[in-house]
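If you want the building blocks of each chain, they are given just below.
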Amino acid sequence: MSKAKLEYIWLDGYKPTANLRSKTKIEENFSGKLEDCPMWSFDGSSTRQAEGGSSDCLLKPVAIYPDPTRRNGYLVMTEVLNADGTPHESNARATIDDNDNDFWFGFEQEYFIMDKNTQLPLGFPVGGYPGPQGMYYCSVGGKNTHGRDFVEEHADLCIDAGLNFEGINQEVASGQWEFQLFSKGAKKAGDEIWIARYLLDRLTEKYGYYIEYHPKPIKGDWNGSGMHANFSNTVLRTCGSKEVYETICEAFRPVTKEHIAVYGEFNDQRLTGEHETQSINEFSYGVSDRGASIRIPIITVEKGWKGWLEDRRPASNGDPYKIAARIVKTVKTADVAALIA
């Protein structure tokens, strides 16, 4: 008789930035299949998701991955439900209108690796600053590259877990890195980012680090951290029309505030119009423009206006479920039927 360790992972009710929570369930003779993961519950009064007098919340398994660090282990992403089985108000995954997986997302997750002892990003000396940014981006060598062993181990964990992990690179500031994930289906894209974040955070426990997802943890002339959202649907992938692309981009303009509201806390400190960002108070789009709100990749144009768009506004601490839900909703409002008929 074998025993499996199922790590149930969920998002708590802290606002505006939710935190990952998890606990282990032991199952005998587990098949490894999602449909055989039982519903579970937790104390919602300890996670700001229920009152103490009626504290039970339910965990509904929605995705499962092998846990590369535990013998007979699995990572189970879950949605939080109320006791009556309805989605909890903190359950942003349930708000995504993409049941046919027509929307594809590629998220670029930036973050800072922080030293627990100094409370500073790797490469930052106590009481001072390293050399100015410029030499850290995609660098090699001990002078400018900090945390590579940690980042490489995280990449291996994500790949071994079966995530559609697409790459890593050091970013513009010292101690700042990025990884990329791609998924066909908005909900799956969110699942994989959260599992990748979980593995990243858990890995810090053995290194003496922690991850800083704040979009502007180092003030001054340092790049902030974003989570650029590359997205497409069938229309964007096949239309072959500049006019269709511009119509979809324009659909984002009147709901700029609605997007910013779910793109991450403290994003105003990052979206200043400098350091490869557009101002939080403006909206723009352009071909190959990294200073725009939405970038039209040059490869999309070169392929005859068939490809994807990149929303550069989401912050590194944003919830990919909320971001994807808002993008899907906006794209679906674009009136392009007559343009592609």
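One can find the structure itself at the top, above this paragraph.
Being a predicted model, the structure only gives us computed values, none of them experimental.

A. Region of the structure containing the overall build of the protein chain. Looking only at helices and strands, the protein chain features eight helices and 14 strands. With respect to the principal axes defined by its C-alpha atoms, the protein chain has extents near 60 × 55 × 35 Å. With 341 residues in all, the protein chain has 53% of them scored as buried. Expressed as a percentage of contacts within the protein chain between residues at least 6 apart in sequence, the contacts between residues at least 24 apart total 66%. Of the roughly 15,200 Å² of accessible surface on the protein chain, a fraction of 47% belongs to carbon and sulfur atoms.

B. Representation of helix H4 (residues 242-252) in the model. Looking only at H4, the buried set comprises Val244, Tyr245, Ile248, Cys249, Ala251 and Phe252. Projection of H4 onto a plane perpendicular to its axis shows the buried side chains occupying an angular sector of 150 degrees, all on one side. Backbone nitrogen of Glu243 and a side-chain oxygen of the N-cap are separated by 3.3 Å at the start of H4; the cap is Ser241.

C. Structural context of the packing of aromatic side chains. Counted under the stated rule, the structure contains 17 aromatic pairs. Between Tyr136 and Trp222, the aromatic rings sit 6.5 Å apart at their centres with planes inclined by 35 degrees, giving tilted as the arrangement. Separated by 86 residues along the polypeptide, Tyr136 in the loop between strand S7 (120-121) and helix H1 (148-160) and Trp222 in the loop between strand S10 (209-212) and strand S11 (227-232) bring together distant segments of the chain. By relative accessible area, Trp222 is classed as buried at 7%. Within the aromatic cluster, the residues linked to one another by ring pairs are Phe105, Phe107, Phe231 and Phe252. Between the NZ or CZ atom of Lys23 and the centre of the ring of Trp40, over which it lies, the distance is 4.2 Å. Positioned above the aromatic ring of Tyr213, the side-chain terminus of Arg197 is 5.2 Å from the ring centre.

Parameters and conventions
- Residues numbered from 1 in each chain as written.
- Predicted model: local features only at pLDDT ≥ 70, side-chain atom pairs only at ≥ 80, totals over all residues.
- Heavy atoms only, no water.
- Helix = DSSP H or I, 4+ residues; strand = E, 2+ residues; numbered from the N terminus.
- Buried < 20%, exposed > 50% of the residue type's maximum accessible area, 1.4 Å probe, protein only.
- Contact = heavy atoms within 4.5 Å.
- Areas by Shrake-Rupley, 256 points an atom, 1.4 Å probe, with all protein chains shown as cover.
- Arc of directions from axis to C-beta.
- Polar contact = N/O pair within 3.5 Å; in protein donor to acceptor, adjacent residues only side chain to side chain.
- Phe/Tyr/Trp six-rings, centres within 6.5 Å; stacked < 30°, edge-to-face > 60°.
- Lys NZ or Arg CZ within 6 Å of the ring centre and 35° of its normal.

On their own, these measurements won't tell you what the molecule is for.
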